[in-house]
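Descriptive structure summary
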Amino acid sequence: MQRDEAYQLMTQFTPSESLQRHMLNVEAAMRFYARLWQEDEETYAVTGLLHDFDYERYPGEHPFWGVTYLREHTDVGEDVLTAILGHATYSGVARETKLAQTLFAVDELTGLVQAAALVRPDRDVKQVELASLKKRFKNRAFAGGVNREEVVQGASELGVDLDTHMANVLRAMAEMNETDTLP
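So, here is what we can say about the structure in this document. (Residues numbered from 1 in each chain as written. Predicted model: local features only at pLDDT ≥ 70, side-chain atom pairs only at ≥ 80, totals over all residues. Heavy atoms only, no water.)

Things to note about the side chain of aspartate 107
Within the secondary structure, aspartate 107 is located in helix 6 (residues 98–118). Buried within the structure, aspartate 107 lacks any salt-bridge partner; arginine 95 is the closest side chain of opposite charge, at an N-O distance of 9.5 Å. Here the side chain of aspartate 107 touches histidine 51 through a polar contact of 3.0 Å, side chain to side chain. Residues contacting aspartate 107, with those up to four places away along its chain left out, are His22, Val26, His51, Asp52 and His87. (Helix = DSSP H or I, 4+ residues; strand = E, 2+ residues; numbered from the N terminus. Buried < 20%, exposed > 50% of the residue type's maximum accessible area, 1.4 Å probe, protein only. Lys, Arg positive; Asp, Glu negative; His and termini not counted. Salt bridge = Lys/Arg side-chain N within 4 Å of Asp/Glu carboxyl O. Polar contact = N/O pair within 3.5 Å; in protein donor to acceptor, adjacent residues only side chain to side chain. Contact = heavy atoms within 4.5 Å.)

Some thoughts on the layout of surface pockets
Volume-wise, the largest pocket comes out at about 500 Å³. Among the secondary structure elements, those contributing two or more residues to the lining of the largest pocket are helix 2 (17–37) and helix 6. Residue composition of the lining of the largest pocket, grouped by class: six nonpolar, ten polar and five charged. (1 Å grid on protein atoms, 1.4 Å probe; cavity = no way out; pocket = protein on both sides within 12 Å on 5 of 7 lines; lining within 4 Å. Points joined across faces, edges and corners; volume = space filled by probe spheres on them. Nonpolar A, V, L, I, M, F, W, Y, C, P; charged D, E, K, R; others polar.)

A look at the nonpolar core
Counting 56 residues, the largest nonpolar core has Leu9, Leu50, Phe53, Leu70, Leu133 and Val169 as the members making the most contacts within it. The element contributing the most residues to this core is helix 6, with eleven residues. Look past the residues within four positions of leucine 9 in its chain and what remains in contact with it is Met1, Leu50, Phe53, Tyr69, Leu70 and Thr74. (Core = buried A, V, L, I, M, F, W, Y, C linked by side-chain atoms within 4.5 Å.)

Side note on the packing of helix 1 (residues 3–13) against helix 2
Describing two packed helices takes the angle between their axes plus the distance from one axis to the other. Closest axis-to-axis distance for the helix 1/helix 2 pair is 10 Å, and the angle between their directions is 155 degrees. Here helix 1 is positioned roughly antiparallel relative to helix 2, judged by the angle of their axes. Helix 2 is crossed by helix 1, and the crossing has right-handed handedness. For the pair formed by helix 1 and helix 2, the contact residues are Arg3, Tyr7, Met10 and Thr11 on the first element and Gln20, Met23, Leu24, Glu27 and Arg31 on the second. Looking at the contact of helix 1 with helix 2 residue by residue, the class counts come to four nonpolar, two polar and three charged. (Axes fitted to C-alpha atoms, helices over the stretch in contact; angles between N-to-C directions. Parallel < 35°, antiparallel > 145°, perpendicular 65-115°, else oblique. Left-handed = near helix turned anticlockwise from the far one by under 90°.)

Read these as geometric descriptors, not functional statements.
What follows is the structure, encoded as structure tokens:
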């Protein structure tokens, strides 16, 4: 599956602009890490775009419903499907590949970065500084839905120290192409 098809599927199943924004942010972070590790950027991008596409319609069945749908209706590879399952800790699916580890590592952290941008007067992620992000990470009352333990665990599974991981995701989101943003 190519990015355009994944984007179309994501928007078809996800009317919420905030959830679409989340998946675009995850896509940006996935692309960043794919380039860093010289992995297939398109595969990483598609994984980021599709990881939560079923969440709004089928929250109680997420990500199982989405993986079943993708398996039956698309040509998405098993590596992508396994990564999508593995990003949900309750699925019981181990994150054994770099793709799966990356998705898990960036998922929660992109939410924190987005929240940090939204409280700025300009609401611009490009203006969020790493020191501010680290301070907000320590404040559990800020973006309380972000699972800090999963952020730490994700960085550890990637083999990247937490500060570097935060800087990478912040940079990825700040550098997101205009073509990757919502209309």
